[in-house]
Amino acid sequence: MMPEDETERLRQQRRDALVARLPERLGRWVIWLLAAERRTLRIIAGFLFVLGGFFSFLPLLGIWMLPLGVVLLAEDIPLFRGLSARLFAWMARRRPDLFAEQYEGEG
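Summarised in this report is the structure supplied together with it. (Residues numbered from 1 in each chain as written. Predicted model: local features only at pLDDT ≥ 70, side-chain atom pairs only at ≥ 80, totals over all residues. Heavy atoms only, no water.)

Some thoughts on the packing of aromatic side chains
Two aromatic rings are characterised by how far apart their centres lie and by the angle between their planes.
Thought 1: Summed over all chains, the structure comprises two aromatic pairs.
Thought 2: Taking 6.3 Å as the distance between ring centres and 70 degrees as the angle between the ring planes, the aromatic pair formed by Phe88 and Phe99 counts as edge-to-face. Here Phe88, found in helix H5 (residues 78-94), pairs with Phe99, found in the segment after H5; they are 11 residues apart in sequence, far enough to count as distant.
Thought 3: Residue Phe99 is classed as buried on the basis of its relative accessible area, which comes to 18%.
Thought 4: Lying across the ring of Phe99, Arg14 places its NZ or CZ 5.7 Å from the centre. (Phe/Tyr/Trp six-rings, centres within 6.5 Å; stacked < 30°, edge-to-face > 60°. Helix = DSSP H or I, 4+ residues; strand = E, 2+ residues; numbered from the N terminus. Buried < 20%, exposed > 50% of the residue type's maximum accessible area, 1.4 Å probe, protein only. Lys NZ or Arg CZ within 6 Å of the ring centre and 35° of its normal.)

Now the structure itself:
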């Protein structure tokens, strides 16, 4: 088992790798939302995304909202940090390419 600080470092590294893969405009929005001074807005958005994930049967909402909400909430609520770390570990086992280094020129 990894020490807690190593697990948190790995969680943040994986989060940043996924954010880097987002389209430029969306990536800028997520980086803006992850800034420390936007804590309240981030928590509200996180809960709304989780709620939207539960209503994925409705048009425009989807199950994709659930993990995004967990990742946003993990920045401020320790209970969600472990959940997001496990989510990222599961993703890394299934799709290790998601966390691989991206090089200039790759889409």
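That shown, we press on.
A look at H5
An α-helical turn contains 3.6 residues, so any two residues separated by three or four positions project in the same direction.
Thought 1: For H5, with 17 residues, the first-to-last C-alpha span of 25 Å sits near the 24 Å given by 1.5 Å per residue.
Thought 2: Among the residues of H5, Phe80, Ser84, Ala85, Phe88, Met91 and Ala92 are the ones counted as buried. Along the long axis of H5, the arc covered by the buried residues comes to 145 degrees, so they all point the same way. Opposite its buried face, H5 presents the exposed residues Leu79, Arg86, Arg93 and Arg94, each directed more than 90 degrees away.
Thought 3: Those residues of H5 hidden inside the fold are in contact with helix H1 (4-21) and helix H4 (65-74). (Expected span 1.5 Å × (residues − 1). Arc of directions from axis to C-beta. Contact = heavy atoms within 4.5 Å.)

Quick word on the side chain of Arg11
Thought 1: Positionally, Arg11 belongs in helix H1.
Thought 2: Those residues in contact with Arg11, other than ones at most four positions away along the chain, are Ala74, Glu75, Arg81, Ser84, Ala85 and Phe88.

So far we have only geometry, and geometry alone does not tell us how the molecule works.
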